[in-house]
Amino acid sequence: MAVKIEPSWARAVGDEFQKPYFQNLIDFVKQEYNSGVCYPPGGQIFAAFDHTPFEKVKVVILGQDPYHGPGQANGLCFSVADGVPKPPSLINIFSEIQTDLNSGMPESGNLERWADQGVLLLNATLTVKAHTAGSHQNKGWEVFTDAVIHQLSSQRSGLVFMLWGGYAKRKGSKIDTQKHLVLSSGHPSPLSANRGYWFGNQHFSKANEYLNNNGKTPIVW
């Protein structure tokens, strides 16, 4: 079947679309969207790829699955649509940026501005049933996003991977650290952050320093 995804990503991971697991995944997702409310909206499922073409990726941030509340998810991990209150994890991300870079607190939680600069905001699972966290896990999305990470690690060089929390660290365990910078810390959720595993990680300044040293334009966080 034809999957509508940004052309450079179709070239990078298009073989996945023909595999049996992906066919089963698409059947499952279609059934879920037809039978109830799911997020993000269908046209935004591959938004991370649409905003950040394969050859323009500079930084990869790994999330788990989309927000499952009304109007929140927009296809980018940790991001919410314009006008939606910032979730606690995103508030903590912005707080660390403020401290790390001595910058102001962004008004909007919509991270499209990051994605358009080369930050791939990749959830391991790209869809979710409303009000049911993790409901689309272990259906095939993780196999697909593993392929995405593998292609980036093997075909690109000088990328920054930000792995926040145990799940992301396991997901990124096979990244080639000889070719890329891997930054790991606790998750920005209040449970982890308030126990001292998030604040002070300085990931945003470290990422920009690495990008600058590798001849790439730093991210305006």
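Colleague: How should I be thinking about the overall build of the protein chain in this particular structure?
Modeller: Within the protein chain one finds nine helices and six strands. For a compact globule of 221 residues, the expected C-alpha radius of gyration is about 17 Å, and the protein chain comes in at 17 Å, within 12% of that figure. If you line up the protein chain on its principal axes, its C-alpha atoms span 45 × 35 × 25 Å. Within the protein chain, the proportion of its 221 residues that are buried is 52%. Taking as baseline every contact in the protein chain between residues at least 6 positions apart, the subset at least 24 positions apart corresponds to 65%. On the protein chain, roughly 10,200 Å² of surface is accessible, and the fraction owed to carbon and sulfur atoms is 50%. On the protein chain, the mean spot of the 19 positive side-chain charges and the mean spot of the 18 negative ones are 4 Å from each other.

Colleague: Sorry if this is basic, but what is going on with the nonpolar core here?
Modeller: A general feature of soluble globular proteins is that nonpolar side chains tend to end up buried together. Counting residues in hydrophobic clusters, the biggest one holds 66 residues, and the most contacted among them are Trp9, Ile61, Trp114, Phe144 and Trp221. Examining the composition of this core, we find that six residues originate from one element, helix 2 (residues 20–35), more than from any other. Residues in contact with Trp114, not counting those within four places in the same chain, are Ile61, Ile93, Phe94, Ile97, Val119, Leu121, Phe204, Val220 and Trp221.

Colleague: Would you mind showing me how to read unusual backbone geometry here?
Modeller: Peptide bonds are mostly trans, and most non-glycine residues show a negative phi. Between Tyr39 and Pro40 the backbone carries a cis peptide bond, its omega angle lying at -5 degrees. Here Pro40 is to be found in the loop between strand 1 (38–39) and helix 3 (47–51). Within the chain, Asn102 stands out as a residue other than glycine whose phi angle is a positive 55 degrees. Position of Asn102 among the secondary structure elements: in the loop between helix 4 (88–101) and helix 5 (112–115). Although it is not a glycine, His131 sits at a positive phi angle of roughly 65 degrees. When you line up the elements, His131 lands in the loop between strand 4 (128–129) and helix 6 (141–155).

Colleague: Help me understand the environment of Leu163, please; the structure alone is not making it clear to me.
Modeller: Residue position: Leu163 is located in strand 5 (residues 160–164). Residue classification places Leu163 among the buried positions, given a relative accessible area of 2%. In this structure the C-alpha to C-alpha distance between Leu163 and Ser185, which are 22 residues apart in sequence, comes to 6.6 Å. The contact partners of Leu163, leaving out residues within four places of it in the chain, are Leu62, Ala168, Lys169, Gly172, Ile175, Val182, Leu183, Ser184 and Ser185.

Colleague: I tried to follow the pairing of strand 3 (residues 119–123) on my own but got confused; where do I start?
Modeller: Along any regular strand, the residues point their side chains to alternate faces of the sheet. A large share of strand 3 lies buried, amounting to five of its five residues. Of the two faces of strand 3, the one holding Val119, Leu121 and Asn123 and the one holding Leu120 and Leu122 are both buried throughout.

Colleague: What should I look at first to understand the layout of surface pockets in this one?
Modeller: In this approach the atoms are scanned with a rolling probe the size of a water molecule, which exposes any empty space left behind. Empty space within the second largest pocket amounts to approximately 240 Å³. The wall of the second largest pocket is formed by 17 residues, among which Gln64, Asp65, Tyr67, Phe78 and His187 lie closest to the centre. Here the residues of the lining of the second largest pocket sort into seven nonpolar, nine polar and one charged.

Colleague: I keep staring at the packing of helix 2 against helix 6 and nothing clicks. Help me out?
Modeller: Any two packed helices are characterised by the angle at which their axes cross and by the distance between the axes. Interaxial distance between helix 2 and helix 6 falls to 9 Å at its minimum, and their mutual angle equals 125 degrees. Put simply, helix 2 runs oblique to helix 6. When you trace helix 2 past helix 6, the crossing you get is left-handed. Only Trp141, Val143 and Phe144 of helix 6 make contact with helix 2, whose side of the interface consists of Tyr21, Phe22, Leu25 and Val29. When grouped by side-chain class, the residues that make up the contact of helix 2 with helix 6 number seven nonpolar, no polar and no charged.

About the criteria used
- Residues numbered from 1 in each chain as written.
- Predicted model: local features only at pLDDT ≥ 70, side-chain atom pairs only at ≥ 80, totals over all residues.
- Heavy atoms only, no water.
- Helix = DSSP H or I, 4+ residues; strand = E, 2+ residues; numbered from the N terminus.
- Rg over C-alpha atoms; globule rule 2.2 N^0.38 Å.
- Buried < 20%, exposed > 50% of the residue type's maximum accessible area, 1.4 Å probe, protein only.
- Contact = heavy atoms within 4.5 Å.
- Areas by Shrake-Rupley, 256 points an atom, 1.4 Å probe, with all protein chains shown as cover.
- Lys, Arg positive; Asp, Glu negative; His and termini not counted.
- Charge placed at Lys NZ, Arg CZ, Asp CG, Glu CD.
- Core = buried A, V, L, I, M, F, W, Y, C linked by side-chain atoms within 4.5 Å.
- 1 Å grid on protein atoms, 1.4 Å probe; cavity = no way out; pocket = protein on both sides within 12 Å on 5 of 7 lines; lining within 4 Å.
- Points joined across faces, edges and corners; volume = space filled by probe spheres on them.
- Nonpolar A, V, L, I, M, F, W, Y, C, P; charged D, E, K, R; others polar.
- Axes fitted to C-alpha atoms, helices over the stretch in contact; angles between N-to-C directions.
- Parallel < 35°, antiparallel > 145°, perpendicular 65-115°, else oblique.
- Left-handed = near helix turned anticlockwise from the far one by under 90°.

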